[in-house]
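# Coordinate analysis (summary)
Next come the chains, spelled out residue by residue.
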Amino acid sequence: LLADKMGEKKPVRNSSLAKLFPVLSNLELNKMEGEFLGEIRFNVLVTPDLFCSFCEKLLAEQANDEITRCVNASEYAATLQADQTADAEQAAADQAAVEQASAGKIMNGVKSSDNLGQQHHQVQLHHQQQQLQQQQQPQ
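Residues numbered from 1 in each chain as written. Predicted model: local features only at pLDDT ≥ 70, side-chain atom pairs only at ≥ 80, totals over all residues. Heavy atoms only, no water.

Across its full length, the chain holds seven helices and zero strands. Along the chain, helices (α) and strands (β) appear in the sequence α-α-α-α-α-α-α when read from the amino end. Of all intrachain contacts in the chain linking residues separated by at least 6 positions in sequence, the fraction that spans at least 24 positions is 53%. (Helix = DSSP H or I, 4+ residues; strand = E, 2+ residues; numbered from the N terminus. Contact = heavy atoms within 4.5 Å.)

Structure follows, in structure tokens:
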């Protein structure tokens, strides 16, 4: 949990983790986190390589069926699924805009790759701006 907080732009919050795994309450997680931080004297430096290694090992683990069922039924998982769906819809809309711009250029007899490149760049910038706005919204 702490490694995620230090290494990710949108880390998992204790309250979300408590909803995802109701074995521990948010209060219990906060207390455990505080005790752990005290024990390690707040030395929370985790190198990206170490964090990546931990994540790879964690992903290789087989989750208990009951845990998988609980996670999939959680409000947090539904939020993640909605985010993925929105990202996929935005990517499809961006691709359609690029294709429409490209088709329009060919239909008009204009084959300027510079203009198409600029339009594609504008679509990418628009998409990046939307992602930043979503990241900055409180959850």
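The structure having been displayed, the exposition proceeds.
This next bit is on the environment of P22. Residue placement: P22 occurs in the loop between α2 (14-20) and α3 (26-39). Between the C-alpha atoms of P22 and C70, which are 48 residues apart in sequence, the distance is 9.0 Å.

Per the counting criterion, the structure on display carries two salt bridges. Across the salt bridge formed by K5 and E33, the nearest N and O atoms sit 2.7 Å from each other. Of the two residues, K5 sits in helix α1 (residues 2-7) while E33 sits in helix α3, which places them 28 residues apart along the sequence. (Salt bridge = Lys/Arg side-chain N within 4 Å of Asp/Glu carboxyl O.)

The subject of this paragraph is helix α4 (residues 48-60). For α4, spanning 13 residues, the distance from its first C-alpha to its last is 18 Å, which sits close to the expected 18 Å at 1.5 Å a residue. Where burial is concerned, little of α4 is hidden: one out of the 13 residues are buried. (Expected span 1.5 Å × (residues − 1). Buried < 20%, exposed > 50% of the residue type's maximum accessible area, 1.4 Å probe, protein only.)

Attention now moves to unusual backbone geometry. A positive phi angle is found at R41, which is not glycine, with a value near 55°. Examined against the element boundaries, R41 turns out to sit in the loop between α3 and α4. For R41, a relative accessible area of 74% translates into the label exposed.

Turning our eyes to something else, we now look at the environment of E8. You can see E8 is positioned in the loop between α1 and α2. Along the primary structure E8 and P48 are separated by 40 residues, whereas in three dimensions their C-alpha atoms are 10.0 Å apart.

Moving on, we get to the state of the cysteines. One pass over the structure, following the stated rule, counts zero disulfides. For C52, which is in no disulfide, the shortest distance to another cysteine sulfur is to C55 and amounts to 6.7 Å. Given the relative accessible area of 41%, C52 is considered partly exposed. (Disulfide = S-S within 2.5 Å.)

Further remarks concern the confidence of the model for the chain. Detailed reading of the predicted coordinates is not advisable wherever pLDDT is low. On average, residues of the chain score 79 in pLDDT, and 75% of them are at 70 or above. Of all helices and strands in the chain, the one with the weakest mean pLDDT is helix α7 (residues 113-136) (63), whereas α3 scores best (92). (pLDDT = per-residue confidence, 0-100.)

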